[in-house]
Amino acid sequence: MTGIIAGTAGVQQPNGGLLKLEFFDPVPISLNDGRVLSRENLPGDVIDGAVKILSCLDALVRDTGFDVDDRLLLKRVEETVFERTHSEVPDSRYAEAFAGGISPRIGGFDNAAADCACKLSYCMQRKDAGYSNPSRVRADDRTCTNILTMVARMNAFLDVMGPVRRICFRFPGGYGRAVSSGFGMFLTDECLWDVTTSPDPLPEKARLALLIRYVLSRGSKDPALADVRNIGIMNPRLHCAYMMPAKDIPQDVLEYAAEGIVGIDD
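Predicted model only: the values in this text are computed from it and were never measured.

Student: How should I be thinking about the environment of Val151 in this particular structure?
Tutor: Mapped onto the fold, Val151 is located in helix H6 (residues 141-161). Sequence-wise, Val151 and Ala178 are 27 residues apart; in three dimensions their C-alpha atoms are separated by 32 Å.

Structure representation (structure tokens):
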């Protein structure tokens with residue numbers, strides 16, 4: 001099974017990407033919390049994974065009313081964010097321990113959960129940043145505060161843009177030969193959303209992943225995905241979001257993404 005991450009890894013995009021920046025408009029919503037995020041002590045992709053873990057898990061827990069086993073929800077989050085679970089990584093014993101430190105609770109996560117999310121993110125992405133083992137990955141207080149701020153921003157944004165119809169969801173019937181698995185993160189009535197914590201508000205890689213998720217949604221048998229009118233990217237680091245009408249995606253871009261990347265045959 002090849003997911004969205006692996007399926008798009010070698011894609012050569014034209015200058016400016018397949019989905020051009022000018023296609024997107026800023027979401028006209030103000031949720032300014034007045035906070036400027038300071039420098040973190042861990043790599044950006046580790047932070048990105050940690051924010052996505054906590055944001056998706058928090059949304060799932062709130063959606064299920066704390067009624068589902070945390071471990072099952074976290075497994076679903078791992079499959080969405082990293083396209084594998086912690087039992088499939090080389091440092092699985094570490095990942096298991098770190099996953100156990102991420103416990104959702106009423107009132108949100110604490111610094112300890114943010115630190116464990118960073119460790120788990122490191123394990124899931126098999127990063128080598130000079131640490132002898134994953135337990136040496138330590139998010140300092142400033143980094144934990146930044147992560148929790150970004151998670152809070154995600155919650156606030158989804159509360160305003162919601163209701164959220166799907167969280168960490170598959171695209172049954174929408175996959176192809178080349179991209180045969182993968183998940184979406186958030187679906188609201190208005191938009192299919194992806195997430196990035198990059199200093200770039202709309203990184204090319206995130207725009208490509210969003211395009212592929214939209215292509216998968218078009219062929220999906222899930223009735224909630226039958227009429228996706230907009231696609232967008234939330235960036236809680238920069239406290240901004242951008243979206244575009246799905247109808248404005250050029251037909252040649254859709255055809256290339258469907259046939260050339262996902263491997264959908266007519």
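Student: Any chance you could explain unusual backbone geometry here in plain terms?
Tutor: Leaving glycine aside, a negative phi is the common case for residues, and trans is the common case for peptide bonds. That bond from Gly162 to Pro163 is cis: its omega, 10 degrees, falls within 30 degrees of zero. By the element assignment, Pro163 lies in the loop between H6 and strand E2 (164-169). Positive phi is not limited to glycine here, since Glu83 has a value of about 65 degrees. Position of Glu83 among the secondary structure elements: in the loop between helix H3 (70-82) and helix H4 (92-100). Looking at Glu83, the relative accessible area reads 22%, which means it is partly exposed.

Student: Help me understand the pairing of strand E6 (residues 240-245) in this model?
Tutor: It is a general feature of regular strands that their side chains alternate between the two faces of the sheet. Judged from the two bridges that link them, strand E1 (residues 25-26) and E6 form a sheet pairing that is antiparallel. Paired with Asp25 across the bridge in E6 is Met243. Adjacent in sequence and paired antiparallel, strand E5 (residues 230-235) and E6 are bridged by four residues, among which His239 carries a positive phi angle near 55 degrees.

Rules used throughout
- By convention here, each chain's residues receive numbers from 1 onward along its written sequence.
- This being a predicted model, a pLDDT of at least 70 is required before a residue's local features are given, and a value of 80 or more before pairs of side-chain atoms are given or counted; all residues contribute to the totals for chains, interfaces and linings.
- As a rule here, side-chain values cover all heavy atoms of the structure and leave hydrogens and water aside.
- Under the DSSP-based scheme used, a helix requires at least four consecutive residues in state H or I and a strand at least two consecutive residues in state E, with every element numbered from the N terminus.
- A 1.4 Å probe rolled over the protein chains alone gives each residue an accessible area, and that area as a share of the maximum for its type sets the label: buried under 20%, exposed over 50%, partly exposed in between.
- Two strands pair if DSSP finds at least two bridges between them.

Honestly, that's just the spatial picture; any functional story needs more than this.
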